[in-house]
Amino acid sequence: MAAGFVLLVTSLDREEFPADTVLKLYRMRWRIELAFKRLKSLIGLRSPPAKDPRIARPWILAHFLIALVTEPLSQELGVSPP
């Protein structure tokens, strides 16, 4: 934010997506980005060890399961990932 202004550039139709709607969508998207960044840090999520979906999918799902278990604990204990 510079001098009290937020500059967002979009190709969305102005009538269908007024500025306040675009800003709300952007803020929501940014919160999702931060949530994924936190998850990646919390559980060490990185690229799957294989490109084969039969291996990659269970690997990713296992990491998300770990996140579901550890996220509430980290908040309760006040632990923040690096």
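Here the structure is a predicted model, which is why all the values come from computation and not from measurement.

Peer 1: Can you walk me through the overall build of the protein chain in this structure?
Peer 2: Tallying secondary structure elements over the protein chain gives 2 helices and 0 strands in all. Expressed as a percentage of its 82 residues, the buried residues of the protein chain come to 12%. When contacts within the protein chain are restricted to residue pairs at least 6 apart in sequence, those whose partners lie at least 24 apart make up 45%. In the structure as shown, the protein chain presents an accessible area of about 7,300 Å², 64% of it carried by carbon and sulfur atoms.

Peer 1: So what exactly am I meant to see when it comes to the pattern of salt bridges here?
Peer 2: In a structure, side chains of opposite charge can pair up when their charged atoms sit close to one another. Enumeration over the complete set of coordinates arrives at 2 salt bridges. The partner of E33 in a salt bridge is R29, and the shortest N-O contact between them spans 3.5 Å. Within this pair, E33 and its partner R29 are both found in helix α1 (residues 19-43), separated by 4 residues, close to a single helical turn. For R29, a relative accessible area of 47% gives the class partly exposed. Its salt-bridge partner being R54, residue D52 comes within 2.8 Å of it at the nearest N-O pair.

Peer 1: Even after reading the chapter, I still don't get the environment of R46, so can you show me in this structure?
Peer 2: With respect to the element layout, R46 can be found in the loop between α1 and α2 (53-77). Residue classification places R46 among the exposed positions, given a relative accessible area of 55%.

Peer 1: Can you help me understand α1 in this one?
Peer 2: For an α-helix the count is 3.6 residues per turn, leaving residues at separations of three or four pointing the same way. The first and last C-alpha atoms of α1 sit 36 Å apart over 25 residues, in line with the 36 Å expected at 1.5 Å per residue. Once α1 finishes, G44 follows within two positions and takes phi at roughly 70°, a positive value.

Peer 1: Looking at this model, I keep getting lost on a nonpolar patch on the surface. Mind explaining?
Peer 2: Taken together, V6, L8, Y26, W30 and L34 make up a surface patch of nonpolar side chains, about 450 Å² in accessible area. Owing to a relative accessible area of 44%, W30 belongs among the partly exposed residues under this scheme.

Thresholds, definitions, all that
Residues numbered from 1 in each chain as written. Predicted model: local features only at pLDDT ≥ 70, side-chain atom pairs only at ≥ 80, totals over all residues. Heavy atoms only, no water. Helix = DSSP H or I, 4+ residues; strand = E, 2+ residues; numbered from the N terminus. Buried < 20%, exposed > 50% of the residue type's maximum accessible area, 1.4 Å probe, protein only. Contact = heavy atoms within 4.5 Å. Areas by Shrake-Rupley, 256 points an atom, 1.4 Å probe, with all protein chains shown as cover. Salt bridge = Lys/Arg side-chain N within 4 Å of Asp/Glu carboxyl O. Expected span 1.5 Å × (residues − 1). Patch = residues over 30% accessible without salt bridge, like charges linked within 9 Å, V, L, I, M, F, W, Y side chains within 5 Å.

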